[in-house]
Amino acid sequence: LKNRLSHDKETSVSKLLSRLDKSKREEEETYKRFISLSTNLGSGLLMIDEEGKIQLANKDINEYFDRDFNNTDYQSYTDIKSLYKFLNQAYLLETSLRKQIVFNEKVFDLISTPLFENDLFKGALILVHDITLIQNAEKYQKRFTHKFTWGKFICTPVIL
């Protein structure tokens, strides 16, 4: 009976260690995919933890604001007032937010998503899109439409 219990215990421990190892490998694979995705996203990405530390900043956000955001506190960016204000609200309000800001003559669309684990705030994920080209295209479209409307011409699309 003692041998049987010892064997069952060893088997149970072995199975548990195997499941733990598998879970750890899956977690590492998920993390690698996330890092790969964030690196090649084509938009800026910041991840702020529950203590206000920036745990992840991809190359795009670093280029947008000409900074290295990695492993810093979000509160150290008060010189970029509009970005700091958005990050502060995202962190303190623990809610989804969206806002457009202008920095160095570029327009950025900021989206914040709070991160929760078991109903506890764990930080915020901030996505930053450079929408400067879109904004400029809209301005030119408005000018074009305005010019032809004032000149008594109204442009209408022709469908063939």
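Here, every reference points to the structure presented above.
Caption draft 1: Representation of the overall build of the protein within the structure. Looking only at helices and strands, one finds four helices and five strands in the protein. Going through the 160 residues of the protein one by one, you find that 27% of them count as buried. When contacts within the protein are restricted to residue pairs at least 6 apart in sequence, those whose partners lie at least 24 apart make up 31%. Accessible surface computed for the protein: about 12100 Å², of which carbon and sulfur atoms make up 55%.

Caption draft 2: Examining the pattern of salt bridges more closely. This structure, assessed with the given rule, holds six salt bridges. A salt bridge links Arg25 to Asp21; the shortest N-O distance between them is 2.4 Å. Here Arg25 pairs with Asp21, and both are found in helix α1 (residues 2-39), just four residues apart, close to one helical turn. Looking at Arg25, the relative accessible area reads 46%, which means it is partly exposed. Taking the relative accessible area as the measure of exposure, Asp21 reaches 40% and is therefore partly exposed.

Caption draft 3: Region of interest: the sheet that holds strand β3 (residues 97-103). Spatial strand order, β2-β1-β5-β4-β3: five strands in an open sheet with antiparallel pairing. Strands with a single pairing partner mark the edges of an open sheet, and in this sheet they are β2 (54-57) and β3. Between one strand and the next, the sheet's axes are offset by a mean angle of 20 degrees, whatever the strand orientation. Two strands pair when backbone bridges link them, and strand β1 (residues 44-49) and β2 are joined in this way by three bridges, in the antiparallel orientation. Paired with Ile48 across the bridge in β2 is Ile54.

Caption draft 4: View of the packing of aromatic side chains. Considering all chains together, one arrives at nine aromatic pairs under this definition. A ring pair is formed by Tyr64 and Phe108, whose centres lie 5.0 Å apart and whose planes are at 40 degrees; its orientation type is tilted. In this pair, Tyr64 sits in helix α2 (residues 59-64) while Phe108 sits in strand β4 (residues 106-117), placing the two residues 44 residues apart along the sequence. Judged by relative accessible area, which is 0%, Phe108 ranks as buried. On the numbers, 5.1 Å between centres and 45 degrees between planes, the contact of Tyr74 with Tyr91 is tilted. Here Tyr74 is found in the loop between α2 and α3 (81-93), whereas its partner Tyr91 is found in helix α3, with 17 residues between them in sequence.

Caption draft 5: Molecular detail of the nonpolar core. Residues Phe65, Phe69 and Ile126 are the most contacted members of the largest nonpolar core, which totals 25 residues. At the level of secondary structure, the elements contributing two or more residues to this core comprise β1, β2, α2, α3, β3, β4 and β5 (120-130). When residues in this core are grouped by element, the largest group, five residues, is from α3. Filtering out sequence-adjacent residues up to four positions away, Phe65 remains in contact with Ile80, Leu83, Ile101, Phe103, Phe108 and Val128.

Caption draft 6: Region of interest: a nonpolar patch on the surface. Residues Val13, Leu17 and Leu20 make up a contiguous nonpolar surface patch of roughly 300 Å² in combined accessible area. With respect to the helices, strands and loops of the structure, Leu17 is situated in helix α1.

Caption draft 7: How the structure looks around the environment of Leu45. For Leu45, the position within the fold is in strand β1. As for Leu45 and Leu110, which are separated by 65 residues in sequence, their C-alpha atoms are 9.7 Å apart. Each residue touching Leu45, except ones within four places of it in the same chain, is listed here: Phe34, Ser38, Leu56, Ala57, Asn58, Ile61, Leu125, Ile126 and Leu127.

Cut-offs applied
Residues numbered from 1 in each chain as written. Predicted model: local features only at pLDDT ≥ 70, side-chain atom pairs only at ≥ 80, totals over all residues. Heavy atoms only, no water. Helix = DSSP H or I, 4+ residues; strand = E, 2+ residues; numbered from the N terminus. Buried < 20%, exposed > 50% of the residue type's maximum accessible area, 1.4 Å probe, protein only. Contact = heavy atoms within 4.5 Å. Areas by Shrake-Rupley, 256 points an atom, 1.4 Å probe, with all protein chains shown as cover. Salt bridge = Lys/Arg side-chain N within 4 Å of Asp/Glu carboxyl O. Pairing = 2+ DSSP bridges. Axes fitted to C-alpha atoms, helices over the stretch in contact; angles between N-to-C directions. Phe/Tyr/Trp six-rings, centres within 6.5 Å; stacked < 30°, edge-to-face > 60°. Core = buried A, V, L, I, M, F, W, Y, C linked by side-chain atoms within 4.5 Å. Patch = residues over 30% accessible without salt bridge, like charges linked within 9 Å, V, L, I, M, F, W, Y side chains within 5 Å.

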